[in-house]
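# Structure assessment
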Amino acid sequence: MLAPAVPSPVPAAEASRDCPRCPRLVAFREELRAEHPDWWNAPVPAFGDPAAWLAIVGLAPGKHGANRTGRPFTGDFAGELLYATLAKFGLSEGVFAADRGDGLRLKGAVILNAVKCLPPQNKPEPAEIAQCRPFLEASLAALPKVRVIIALGQIAHVAAARALGLKPSQTKFAHGAEHRAGAVTLLSSYHCSRYNQNTRRLDAAMFEGVFEKAIKMRRAADQLHV
(Lines give C-alpha, C1' and ligand atoms only; values in the text may rest on other atoms or scores of the structure.)
Protein backbone atom coordinates (compact mmCIF):
# COMPACT_ATOMS: atom_id res chain seq x y z
CA MET A 1 0.00 0.00 0.00
CA LEU A 2 1.09 3.55 -0.70
CA ALA A 3 2.20 5.94 2.00
CA PRO A 4 0.79 9.51 2.07
CA ALA A 5 2.45 11.78 -0.48
CA VAL A 6 2.18 14.77 1.87
CA PRO A 7 0.88 15.08 5.43
CA SER A 8 -2.77 15.93 5.90
CA PRO A 9 -3.37 19.57 6.88
CA VAL A 10 -5.88 18.28 9.47
CA PRO A 11 -4.27 15.11 10.85
CA ALA A 12 -6.45 14.88 13.96
CA ALA A 13 -9.59 14.91 11.80
CA GLU A 14 -8.66 11.99 9.54
CA ALA A 15 -10.24 8.55 9.45
CA SER A 16 -8.04 5.58 10.23
CA ARG A 17 -6.69 3.62 7.28
CA ASP A 18 -8.98 0.71 8.16
CA CYS A 19 -11.98 2.79 9.21
CA PRO A 20 -14.83 0.31 9.97
CA ARG A 21 -17.81 2.70 9.89
CA CYS A 22 -19.43 1.64 6.61
CA PRO A 23 -19.59 -2.15 6.01
CA ARG A 24 -20.37 -1.83 2.29
CA LEU A 25 -17.42 0.50 1.72
CA VAL A 26 -15.14 -1.68 3.84
CA ALA A 27 -16.03 -4.73 1.74
CA PHE A 28 -15.38 -2.81 -1.47
CA ARG A 29 -12.07 -1.53 -0.07
CA GLU A 30 -10.93 -5.07 0.79
CA GLU A 31 -11.93 -6.30 -2.65
CA LEU A 32 -9.82 -3.62 -4.31
CA ARG A 33 -6.89 -4.18 -1.96
CA ALA A 34 -6.78 -7.77 -3.15
CA GLU A 35 -7.17 -6.75 -6.79
CA HIS A 36 -4.84 -3.73 -6.73
CA PRO A 37 -2.43 -4.05 -3.77
CA ASP A 38 -0.30 -1.16 -5.06
CA TRP A 39 -3.18 1.35 -4.88
CA TRP A 40 -4.03 3.62 -1.94
CA ASN A 41 -7.36 1.80 -1.18
CA ALA A 42 -8.16 3.62 2.07
CA PRO A 43 -9.93 6.76 3.29
CA VAL A 44 -8.40 9.64 1.35
CA PRO A 45 -6.93 12.40 3.52
CA ALA A 46 -7.47 16.10 3.00
CA PHE A 47 -4.97 17.91 0.81
CA GLY A 48 -3.92 21.53 1.00
CA ASP A 49 -2.97 24.47 3.14
CA PRO A 50 -3.66 24.29 6.90
CA ALA A 51 -4.08 28.08 6.80
CA ALA A 52 -6.57 27.90 3.92
CA TRP A 53 -9.29 30.53 3.54
CA LEU A 54 -11.02 28.40 0.88
CA ALA A 55 -12.24 24.83 1.37
CA ILE A 56 -13.38 22.76 -1.60
CA VAL A 57 -15.69 19.87 -0.72
CA GLY A 58 -15.96 17.04 -3.23
CA LEU A 59 -18.20 14.00 -3.24
CA ALA A 60 -15.92 10.98 -2.73
CA PRO A 61 -12.71 9.47 -4.13
CA GLY A 62 -12.82 8.21 -7.72
CA LYS A 63 -11.81 4.61 -8.33
CA HIS A 64 -8.90 5.43 -10.66
CA GLY A 65 -8.34 8.85 -9.12
CA ALA A 66 -7.94 9.44 -5.39
CA ASN A 67 -8.66 5.83 -4.40
CA ARG A 68 -5.69 4.83 -6.54
CA THR A 69 -3.31 7.71 -5.82
CA GLY A 70 -4.26 8.74 -2.29
CA ARG A 71 -4.67 12.43 -3.15
CA PRO A 72 -8.02 14.13 -3.87
CA PHE A 73 -8.86 14.60 -7.57
CA THR A 74 -5.54 13.18 -8.68
CA GLY A 75 -5.49 10.69 -11.53
CA ASP A 76 -9.00 11.20 -12.89
CA PHE A 77 -10.72 13.52 -15.36
CA ALA A 78 -12.38 15.75 -12.76
CA GLY A 79 -9.02 16.79 -11.34
CA GLU A 80 -7.84 18.29 -14.61
CA LEU A 81 -10.34 21.16 -14.46
CA LEU A 82 -10.14 21.58 -10.69
CA TYR A 83 -6.38 21.88 -10.50
CA ALA A 84 -6.20 24.05 -13.63
CA THR A 85 -8.67 26.41 -12.00
CA LEU A 86 -6.73 26.49 -8.74
CA ALA A 87 -3.57 27.33 -10.68
CA LYS A 88 -5.32 30.07 -12.67
CA PHE A 89 -6.38 31.85 -9.51
CA GLY A 90 -3.04 31.51 -7.72
CA LEU A 91 -4.26 28.86 -5.30
CA SER A 92 -1.51 26.36 -6.04
CA GLU A 93 2.27 26.20 -6.43
CA GLY A 94 4.07 23.87 -8.80
CA VAL A 95 2.80 21.95 -11.80
CA PHE A 96 -0.08 19.48 -11.59
CA ALA A 97 0.91 16.27 -13.36
CA ALA A 98 -1.98 14.05 -12.17
CA ASP A 99 0.54 12.23 -9.99
CA ARG A 100 0.72 12.27 -6.22
CA GLY A 101 4.47 12.77 -6.50
CA ASP A 102 4.31 15.84 -8.74
CA GLY A 103 5.21 18.18 -5.87
CA LEU A 104 2.09 20.30 -6.22
CA ARG A 105 1.10 22.34 -3.18
CA LEU A 106 -2.05 24.35 -2.53
CA LYS A 107 -1.85 27.93 -1.30
CA GLY A 108 -4.83 29.30 0.60
CA ALA A 109 -6.99 26.32 -0.35
CA VAL A 110 -7.74 22.84 0.94
CA ILE A 111 -9.66 19.94 -0.60
CA LEU A 112 -11.99 17.79 1.51
CA ASN A 113 -14.58 15.15 0.63
CA ALA A 114 -18.10 14.47 1.88
CA VAL A 115 -17.23 10.74 1.87
CA LYS A 116 -13.63 9.69 2.41
CA CYS A 117 -13.84 6.16 0.93
CA LEU A 118 -14.64 5.02 -2.59
CA PRO A 119 -18.31 3.99 -2.95
CA PRO A 120 -19.38 1.44 -5.58
CA GLN A 121 -20.54 3.16 -8.78
CA ASN A 122 -19.48 6.46 -7.17
CA LYS A 123 -22.80 6.50 -5.31
CA PRO A 124 -22.59 6.66 -1.52
CA GLU A 125 -25.69 5.73 0.45
CA PRO A 126 -27.28 8.28 2.81
CA ALA A 127 -26.12 6.35 5.88
CA GLU A 128 -22.53 6.37 4.58
CA ILE A 129 -22.63 10.13 4.05
CA ALA A 130 -23.92 10.53 7.60
CA GLN A 131 -21.25 8.21 9.01
CA CYS A 132 -18.53 10.29 7.33
CA ARG A 133 -19.89 13.70 8.32
CA PRO A 134 -17.98 13.82 11.65
CA PHE A 135 -14.71 13.81 9.68
CA LEU A 136 -15.88 16.72 7.53
CA GLU A 137 -17.07 18.62 10.60
CA ALA A 138 -13.79 17.98 12.41
CA SER A 139 -11.78 19.04 9.35
CA LEU A 140 -13.64 22.35 9.07
CA ALA A 141 -13.25 22.92 12.81
CA ALA A 142 -9.49 22.41 12.41
CA LEU A 143 -9.36 25.03 9.62
CA PRO A 144 -10.26 28.24 11.49
CA LYS A 145 -9.26 30.57 8.64
CA VAL A 146 -11.75 29.11 6.15
CA ARG A 147 -14.22 31.79 5.08
CA VAL A 148 -15.58 30.27 1.86
CA ILE A 149 -16.55 26.69 1.06
CA ILE A 150 -17.12 25.59 -2.53
CA ALA A 151 -19.21 22.43 -2.65
CA LEU A 152 -18.92 20.36 -5.82
CA GLY A 153 -22.29 18.82 -6.58
CA GLN A 154 -25.50 18.39 -4.62
CA ILE A 155 -24.31 15.64 -2.25
CA ALA A 156 -21.27 17.68 -1.24
CA HIS A 157 -23.49 20.76 -0.92
CA VAL A 158 -25.86 19.02 1.50
CA ALA A 159 -22.98 17.52 3.49
CA ALA A 160 -21.25 20.89 3.79
CA ALA A 161 -24.51 22.63 4.72
CA ARG A 162 -25.14 20.13 7.50
CA ALA A 163 -21.53 20.39 8.69
CA LEU A 164 -22.06 24.16 8.98
CA GLY A 165 -25.28 23.71 10.92
CA LEU A 166 -27.51 24.81 8.03
CA LYS A 167 -30.76 23.07 7.16
CA PRO A 168 -30.57 21.56 3.65
CA SER A 169 -34.23 22.42 3.11
CA GLN A 170 -33.32 26.08 3.52
CA THR A 171 -30.10 25.95 1.48
CA LYS A 172 -31.18 24.79 -1.96
CA PHE A 173 -28.49 23.55 -4.30
CA ALA A 174 -27.91 25.42 -7.55
CA HIS A 175 -24.82 26.27 -9.53
CA GLY A 176 -23.50 29.55 -8.14
CA ALA A 177 -25.87 29.57 -5.16
CA GLU A 178 -24.54 31.04 -1.92
CA HIS A 179 -25.59 30.64 1.70
CA ARG A 180 -24.17 32.16 4.87
CA ALA A 181 -23.30 30.36 8.10
CA GLY A 182 -21.81 32.91 10.45
CA ALA A 183 -18.46 34.02 9.07
CA VAL A 184 -18.45 31.29 6.39
CA THR A 185 -20.13 31.40 2.98
CA LEU A 186 -21.13 28.20 1.23
CA LEU A 187 -20.93 28.42 -2.56
CA SER A 188 -22.18 25.64 -4.78
CA SER A 189 -21.02 24.39 -8.16
CA TYR A 190 -21.91 21.56 -10.44
CA HIS A 191 -19.34 18.82 -9.96
CA CYS A 192 -16.41 18.93 -12.37
CA SER A 193 -17.02 15.32 -13.38
CA ARG A 194 -16.38 13.96 -16.84
CA TYR A 195 -20.13 13.47 -17.31
CA ASN A 196 -20.99 17.09 -16.47
CA GLN A 197 -18.24 18.43 -18.71
CA ASN A 198 -19.04 16.12 -21.62
CA THR A 199 -22.74 17.00 -21.49
CA ARG A 200 -21.85 20.71 -21.21
CA ARG A 201 -23.77 21.04 -18.00
CA LEU A 202 -20.54 22.56 -16.71
CA ASP A 203 -17.78 24.25 -18.66
CA ALA A 204 -14.56 25.93 -17.59
CA ALA A 205 -16.06 29.43 -17.62
CA MET A 206 -18.94 28.38 -15.36
CA PHE A 207 -16.56 26.63 -12.96
CA GLU A 208 -14.14 29.54 -12.88
CA GLY A 209 -17.04 31.89 -12.21
CA VAL A 210 -17.66 30.24 -8.84
CA PHE A 211 -14.00 30.67 -7.88
CA GLU A 212 -14.07 34.29 -9.02
CA LYS A 213 -17.03 34.85 -6.73
CA ALA A 214 -15.17 33.22 -3.82
CA ILE A 215 -12.13 35.44 -4.35
CA LYS A 216 -14.27 38.59 -4.49
CA MET A 217 -15.87 37.57 -1.21
CA ARG A 218 -12.48 37.09 0.39
CA ARG A 219 -11.24 40.48 -0.85
CA ALA A 220 -14.36 42.19 0.45
CA ALA A 221 -13.88 40.54 3.84
CA ASP A 222 -10.22 41.58 3.93
CA GLN A 223 -11.14 45.18 3.19
CA LEU A 224 -13.55 45.21 6.13
CA HIS A 225 -10.68 44.31 8.44
CA VAL A 226 -8.11 46.77 7.06
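This text gives an overview of the structure that appears in the document. In this text, all values refer to a predicted model and were calculated from it rather than measured experimentally.

### Concerning helix α1 (residues 23-35)
- With 13 residues, α1 should cover 18 Å at 1.5 Å per step; its first-to-last C-alpha distance of 18 Å lies within 8% of that length.
- Those residues of α1 lying buried are Leu25, Phe28, Arg29, Leu32 and Arg33. Taken end-on, α1 shows its buried residues confined to a sector of 140 degrees, consistent with a single buried face. Pointing more than 90 degrees away from the buried face of α1 are the exposed residues Pro23 and Ala34.
- Turning to α1, the residues buried within the fold contact α2 (66-69) and α4 (126-141).

### Regarding the sheet that holds strand β2 (residues 54-58)
- Pairing within the open sheet is mixed, and its 6 strands lie in the order β1-β5-β2-β6-β8-β7. Looking along the sheet, the strands with just one partner apiece sit at the ends: β1 (47-48) and β7 (178-181).
- Pairing geometry for β7 and strand β8 (residues 184-189), over 4 bridges, is antiparallel. Bridge assignment links arginine 180 to a residue of β8, and that residue is threonine 185.

### Quick word on unusual backbone geometry
- Unlike most non-glycine residues, phenylalanine 73 shows phi in positive territory, near 55 degrees.
- Along the polypeptide, phenylalanine 73 turns up in the loop between α2 and α3 (77-88).
- By relative accessible area, which is 7% here, phenylalanine 73 ends up buried.
- Phi at glutamine 121 takes a positive value of approximately 55 degrees, unusual for a residue other than glycine.
- As for its position among the elements, glutamine 121 is in the loop between β5 (109-113) and α4.

Procedures and definitions
- Residues numbered from 1 in each chain as written.
- Predicted model: local features only at pLDDT ≥ 70, side-chain atom pairs only at ≥ 80, totals over all residues.
- Heavy atoms only, no water.
- Helix = DSSP H or I, 4+ residues; strand = E, 2+ residues; numbered from the N terminus.
- Expected span 1.5 Å × (residues − 1).
- Buried < 20%, exposed > 50% of the residue type's maximum accessible area, 1.4 Å probe, protein only.
- Arc of directions from axis to C-beta.
- Contact = heavy atoms within 4.5 Å.
- Pairing = 2+ DSSP bridges.

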